[in-house]
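Residue-level listing of the chains:
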Amino acid sequence: LAVAMAGCGPGGPVVKIGFVAPLTGDQAPHGQDMLNGAKLAIEHAIASGPILPGYRLELVALDDQRNPTQAVAAAKKLVADPDVVAVVGHLNSSCTMPASAIYHQARLLQITPVSSNPKISRQGFDTFYRTCATDDLQGPAAALFAVRQLKATRIFLLDDMTTYGRGLANELKAKLISLGAAVLGHEGITQGDKDFTPLLTKLKAREPDLIYFAGMFPEGALLIKQRFDLGVGGQFMGGDGLFDPVLIELATPQAAEGIYLTTIGSDVHLIPTAQAFVHAYEARYGSIGAYSAYAYEATSIAVWALTQAGAKDRQAVLAAMKRLKDYPGLFGPQNFDQKGDSLIRDIGLFTVKDGKFVFLRTASWD
């Protein structure tokens, strides 16, 4: 799927930025929101052009179906296309992890908008960057909020056994233990499962005052709904993978009311530097998805690196990226550390009130 072009006529030379996320399947709402953000970034870049004189700029979007095998296949396809000079993707850490090795081998710049597992940047790949905070910040922030604000002392952990889910749950667990909270149990569920009644029945008997789920919104919604139907007491909290309006719809507003979640950044609606993006996105696509702004940011930075490189050359684009300093991004001046991690490290706290996500505040993790 090639979605945006500019510059010369249709027959002229082309330079491409790749994009990969789940565009079909149960996590497609997240992927489509990301794609909308990327498309808008390309449009804005073209409007303020020129990007690379004499070239059409194209965004090539591939679907990894949230499947690591598909992610690797998509990465290989992009690497094999000599017109691709950078990649924005993937959504899931379990997809970004194996794909990142392929981009690194090909010396192809990769910027993930939202894959938050800290181990990805610890592989030492100088081709890897990300525009979001990591789970070694999100987990502790959630733990502090649960213990200090929600006064939770008996906590049961669930995760979806993916790179993201298990990683986030483990970061949370370590901080909970250090804060003296009792972790009553830690169990895994499988993505795609539908019936969590036996698990929740077992959990109910343990009488936790908080259930925390590290995973994605399709399973999160079912857990919330079935927990409500079974009358399991206590609070419910999750990570950024739950942050999609579809969660409230699937769980039902009644069951989702009062749940909490952390996100890998603050509320984009409240950031002064993001207001032009907010207005443009909402005018074009309606409500902003959880990851739309991050995909916009990642794509805009990839285009910036291409413009700075001044050539359709992967090495030159990568070299330009390494020179980035104080990029005027949506979330303020954007910089990256030696591992490629963003130095903007906000974690947001949200609750569900009257069928909508409501921003509470930026959380601390220490």
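Provided above is the structure to which this section pertains.
S.K.: Is there a simple way to think about the overall build of the protein in this case?
M.R.: Along the backbone of the protein there are twelve helices and 14 strands. Across its three principal axes, the protein shows a C-alpha extent of roughly 65 × 40 × 35 Å. Of all 366 residues assigned to the protein, the portion counted as buried reaches 58%. Taking contacts inside the protein between residues at least 6 apart in sequence as the whole, the part at least 24 apart equals 71%. For the protein, the exposed area adds up to about 13800 Å²; of that, 54% sits on carbon and sulfur atoms. Separation between the mean location of the 33 positive side-chain charges and that of the 35 negative ones in the protein comes to 4 Å.

S.K.: Please explain the sheet that holds strand β8 (residues 210-214) as it appears in this structure.
M.R.: Adjacent strands of a sheet pair through backbone hydrogen bonds, lying either parallel or antiparallel. The sheet built from seven strands is open, its strands ordered β7-β6-β8-β9-β10-β13-β14 with mixed pairing. The sheet is open, and its two edges are formed by β7 (182-188) and β14 (356-363), each paired on a single side. Adjacent strand axes in the sheet meet at a mean angle of 20° when their direction is disregarded. Relative to strand β13 (residues 347-353), strand β10 (residues 260-263) is paired through four bridges, and the arrangement is antiparallel. Across the sheet, residue T262 finds its bridge partner in β13, namely L349. Along the sheet, helix α6 (residues 197-206) makes contact with β6 (154-159), β7 and β8, crossing β6 at roughly 165°.

S.K.: I tried to follow the nonpolar core on my own but got confused; where do I start?
M.R.: The nonpolar side chains of a soluble globular protein tend to be buried, and buried together. Of all hydrophobic cores here, the largest spans 111 residues; its most connected members are F19, L109, M237, F277 and M321. The biggest single contributor to this core is helix α11 (residues 292-309), with ten residues. Sequence-distant contacts of M321, defined by excluding residues within four places in its chain, comprise L109, I111, Y129, I301, W304, A305 and F336. With twelve residues, the next largest nonpolar core counts V20, V72, L78 and A99 among its residues.

S.K.: Sorry if this is basic, but what is going on with helix α3 (residues 93-105) here?
M.R.: Turn by turn, an α-helix covers 3.6 residues, leaving residues three or four places apart pointing in a common direction. If you check α3, its first and last C-alpha atoms are 19 Å apart, about what 13 residues at 1.5 Å a residue would give, namely 18 Å. At A99, α3 shows its maximal kink, close to 30°. Tucked inside the fold, the buried residues of α3 contact β1 (14-21), α2 (68-80), β3 (84-89), β4 (109-112), β5 (128-130) and α5 (163-178). Note on α3: the residue one or two positions beyond its end, R107, has a positive phi of about 60°.

S.K.: Can you help me understand the pattern of salt bridges in this one?
M.R.: Should the charged atoms of two oppositely charged side chains come close, the side chains can pair. Within the structure shown, the criterion is met by 16 salt bridges. K225 serves as the salt-bridge partner of D229, at 2.8 Å between the closest nitrogen and oxygen. Residue D229 and its partner K225 are both found in helix α7 (residues 217-230); the two are separated by four residues, about one turn of the helix. For K225, a relative accessible area of 27% gives the class partly exposed. Through salt bridges that share partners, R107, D126 and K322 make up one connected network.

S.K.: Which parts of the structure should I look at to understand the packing of α2 against α3?
M.R.: Helices that pack against each other are described as a pair by the angle of their axes relative to one another and the distance between those axes. Running from N to C, α2 and α3 point in directions that differ by 30°, and their axes come no closer than 8 Å. On the basis of their axis angle, the class for α2 and α3 is roughly parallel. In terms of crossing hand, the pair formed by α2 and α3 is right-handed. The residues of α3 that touch α2, namely those facing P68, A71, V72, A75, K76, L78 and V79, are S94, C95, P98, A99, I102 and Y103. Across the contact of α2 with α3, the residue classes tally to eleven nonpolar, one polar and one charged.

S.K.: So what exactly am I meant to see when it comes to the packing of helix α4 (residues 135-149) against α5 here?
M.R.: Running from N to C, α4 and α5 point in directions that differ by 50°, and their axes come no closer than 8 Å. The angle between the axes of α4 and α5 places the two elements in the oblique class. The chirality of how α4 crosses α5 is right-handed. Note on element contacts: α5 touches α4 through Y164, L168, E171, L172, K175 and L176, opposite D135, D136, Q138, G139, P140, A142, A143, L144 and V147. Counted by class, the contact of α4 with α5 contains nine nonpolar, two polar and four charged residues.

S.K.: Can you walk me through the environment of E257 in this structure?
M.R.: Relative to the elements of secondary structure, E257 occurs in the loop between α9 (253-256) and β10. Owing to a relative accessible area of 39%, E257 belongs among the partly exposed residues under this scheme. Separated by 96 residues in the primary sequence, E257 and K353 place their C-alpha atoms 5.6 Å from one another. Beyond its immediate chain neighbours, meaning those up to four positions away, E257 contacts V352, K353, D354 and G355. One polar contact links the side chain of E257 to the main-chain amide nitrogen of D354, over a distance of 2.8 Å.

Criteria and cut-off values
Residues numbered from 1 in each chain as written. Predicted model: local features only at pLDDT ≥ 70, side-chain atom pairs only at ≥ 80, totals over all residues. Heavy atoms only, no water. Helix = DSSP H or I, 4+ residues; strand = E, 2+ residues; numbered from the N terminus. Buried < 20%, exposed > 50% of the residue type's maximum accessible area, 1.4 Å probe, protein only. Contact = heavy atoms within 4.5 Å. Areas by Shrake-Rupley, 256 points an atom, 1.4 Å probe, with all protein chains shown as cover. Lys, Arg positive; Asp, Glu negative; His and termini not counted. Charge placed at Lys NZ, Arg CZ, Asp CG, Glu CD. Pairing = 2+ DSSP bridges. Axes fitted to C-alpha atoms, helices over the stretch in contact; angles between N-to-C directions. Core = buried A, V, L, I, M, F, W, Y, C linked by side-chain atoms within 4.5 Å. Expected span 1.5 Å × (residues − 1). Bend = angle between axes of the 7 residues up to and from the residue. Salt bridge = Lys/Arg side-chain N within 4 Å of Asp/Glu carboxyl O. Parallel < 35°, antiparallel > 145°, perpendicular 65-115°, else oblique. Left-handed = near helix turned anticlockwise from the far one by under 90°. Nonpolar A, V, L, I, M, F, W, Y, C, P; charged D, E, K, R; others polar. Polar contact = N/O pair within 3.5 Å; in protein donor to acceptor, adjacent residues only side chain to side chain.

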